[in-house]
Amino acid sequence: MEPSFTLNPAVRGRGRHRAARRPVLADVARTATEQAAAFAGRTAVAAAAGSGVLLSLVAPSAQAAPATEVSSSLAGKAVSGTLNTTDLNALTTQAKESVAAAPVVTVATDATLKIETAAVSVVSAEENEEYQAELAAEAEAEAEAEAAAAAEAAAAVEIPASAQGSAIVSIGMRYLGVPYLWGGETPAGMDCSGFTSYVFAQVGINLPRTSSEQRYAGTEVPWSQARPGDLLWSPGHIAIYAGDGMQIEAPVPGKSVRYTQVWQSNPVVLRVG
């Protein structure tokens, strides 16, 4: 006779109830949280994922929940992930490797950070008095050096006998070698009228600045009566007569003040003073 078995209805009901029941996200999350608090061996791994943060609780494999799609919200942003033991273990390994490879910086416990807050002031070159003074000193030194060189060159040139006693010629000879400079009127550089006006100014005679104006600065005399110190004017040019058919002039760009023969054809002779 076959043995008979009587099933307890309560048991059947409980079994059917368990078979029909499936774990839900809330139960999984709650169980993981409780177990994380109970077992010190479990660790929390935080990894940046997209625009939010994925927080996973790693438990022993015996208590790991099956693969389940999880939606959570951290830092105000929704994040999706898979609660899977294999994935979490891999993530833990990657995190450990990243920490191990990261450089370690040791800072003293009493170290302090100082930040300079002083305002930075900027002064333009035009407003910088020290810089402008340096430029002026350099320009003056250059002018003195050029004047000295011109004086040496003038000393090498013998003033003709006909110009002896002429202050204008003597002064003009000091600037032999000064470079021609359009609009210049100092030993740093001179053009033709800048040269004559600079020389005459040293004997107290102020000439107009341009050659066209200097044309009418003195009394015109015949070429036969020209004497050292007179001005020799021709269209666009003016020079100082040095006697014996010679003159002192600042010729053209690229040249310098020189003592040379009168090359102008029939220049106007002007006597000033």
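First, a word on what this report is: a plain description of the structure on this page. Throughout, residues of each chain are indexed from 1 in the direction in which the sequence is written. At least 70 in pLDDT is required for a residue's local features to be given in this predicted model, at least 80 for side-chain atom pairs to be given and counted, and no such filter applies to totals for whole chains, interfaces and linings, which use all residues. To get the side-chain values, take all heavy atoms of the structure and skip hydrogens and water.

1. As for the pattern of salt bridges
Alright, step 1. Think of a salt bridge as a Lys or Arg side-chain nitrogen and an Asp or Glu carboxyl oxygen that are within 4 Å of each other. Throughout the structure, instances matching the rule amount to five salt bridges.
Alright, step 2. Between Glu-185 and Arg-209 there is a salt bridge, with the nearest N and O atoms lying 3.1 Å from each other. Here Arg-209 lies in the loop between helix H6 (192–201) and helix H7 (211–214) and Glu-185 lies in strand S5 (residues 185–186), a separation of 24 residues in the sequence.
Alright, step 3. The exposure class of Arg-209 is partly exposed, given its relative accessible area of 27%.
Alright, step 4. Between Glu-249 and Arg-258 there is a salt bridge; the shortest N-O distance is 2.9 Å.
Alright, step 5. On the basis of relative accessible area, Arg-258 is assigned to the partly exposed category, the value being 31%.
Alright, step 6. The network of salt bridges with shared partners includes Glu-185, Asp-191 and Arg-209. In this description a helix means any DSSP run of H or I spanning at least four residues, a strand means any run of E spanning at least two, and both kinds are numbered starting from the N terminus. Exposure is judged per residue with a 1.4 Å probe applied to protein chains only, and the accessible area is read against the type maximum: over 50% gives exposed, under 20% gives buried, and values in between give partly exposed.

2. Some details on the nonpolar core
Alright, step 1. The definition of a nonpolar core used throughout is a set of buried Ala, Val, Leu, Ile, Met, Phe, Trp, Tyr and Cys residues joined through side-chain atoms within 4.5 Å. Among the nonpolar cores identified, the biggest contains 26 residues, and Phe-195, Leu-231 and Ile-248 are the most heavily contacted of them.
Alright, step 2. The set of elements that each furnish at least two residues to this core consists of helix H5 (167–173), H6, strand S8 (231–234), strand S9 (237–243), strand S10 (246–249) and strand S12 (268–271).
Alright, step 3. Whether two residues are in contact is decided by their heavy atoms, any of which lying within 4.5 Å being enough. Discounting chain neighbours no more than four positions away, the residues touching Leu-231 are Thr-196, Phe-200, Leu-207, Ile-238, Ala-239, Ile-240, Val-268, Val-269, Leu-270 and Val-272.
Alright, step 4. Residues Val-221, Ala-226, Leu-232 and Tyr-241 belong to the second largest nonpolar core, which totals five residues.

3. With respect to the sheet that holds S10
Hydrogen bonding along the main chain pairs the strands of a sheet, whether they run parallel or antiparallel.
Alright, step 1. A pair of strands counts as paired when DSSP detects no fewer than two bridges linking them. Reading across from one edge, S7-S12-S8-S9-S10-S11 is the order of the six strands in this open sheet, with antiparallel pairing throughout. A single partner strand is all that each edge strand has here, and the edge strands are strand S7 (219–221) and strand S11 (258–261). Geometrically, the sheet is characterised by an average inter-axis angle of 40 degrees between neighbouring strands, direction not taken into account.
Alright, step 2. Across three bridges, the pairing between S9 and S10 is antiparallel. For Gly-243, the partnering residue across the bridge sits in S10 and is Met-246.
Alright, step 3. Only C-alpha atoms enter the line fits that serve as axes; for helices the fit covers just the stretch in contact. Angles between N-to-C directions range over 0 to 180 degrees. Contacts between H6 and the sheet are confined to S8, S9 and S10, with S9 contributing the most and set at about 50 degrees to the helix.

4. A closer look at the environment of Tyr-180
Alright, step 1. Tracing the backbone shows Tyr-180 in the loop between H5 and S5.
Alright, step 2. For the pair formed by Tyr-180 and Pro-251, sequence separation is 71 residues and the distance between their alpha carbons is 7.1 Å.
Alright, step 3. Here Tyr-180 is in contact with Met-190, Asp-191, Cys-192, Ala-250, Pro-251, Val-252, Pro-253, Lys-255 and Ser-256, once residues within four sequence places are set aside.

5. Focus on the packing of aromatic side chains
Alright, step 1. When two rings of Phe, Tyr or Trp (its six-membered ring) have centres within 6.5 Å they constitute a pair, described as stacked for plane angles under 30 degrees, edge-to-face for angles over 60, and tilted for the intermediate range. As enumerated under the stated definition, the model contains two aromatic pairs in all.
Alright, step 2. Ring centres of Tyr-175 and Tyr-198 lie 5.4 Å apart, and the angle between their planes is 85 degrees; on these two criteria the pair is classed as edge-to-face. Of this pair, Tyr-175 sits in the loop between H5 and S5 while Tyr-198 is found in helix H6, placing the two residues 23 residues apart along the sequence.
Alright, step 3. Given the relative accessible area of 25%, Tyr-198 is considered partly exposed.
Alright, step 4. Considering the side-chain rings of Trp-223 and Tyr-241, the 5.5 Å spacing of their centres and the 65 degrees angle between planes classify their relative orientation as edge-to-face. Of this pair, Trp-223 sits in the loop between S7 and S8 while Tyr-241 sits in strand S9, and the two are 18 residues apart along the sequence.

6. Some remarks on unusual backbone geometry
Alright, step 1. Residues other than glycine seldom take positive phi values, yet Asp-244 does so here, at roughly 55 degrees.
Alright, step 2. Assessed through its relative accessible area of 58%, Asp-244 is described here as exposed.
Alright, step 3. Its identity as a non-glycine residue notwithstanding, Asn-266 has a phi of 50 degrees, on the positive side.
Alright, step 4. Relative to the helices and strands, Asn-266 is located in the loop between S11 and S12.
Alright, step 5. For Asn-266, a relative accessible area of 73% corresponds to the exposed category.

Honestly, that's just the spatial picture; any functional story needs more than this.
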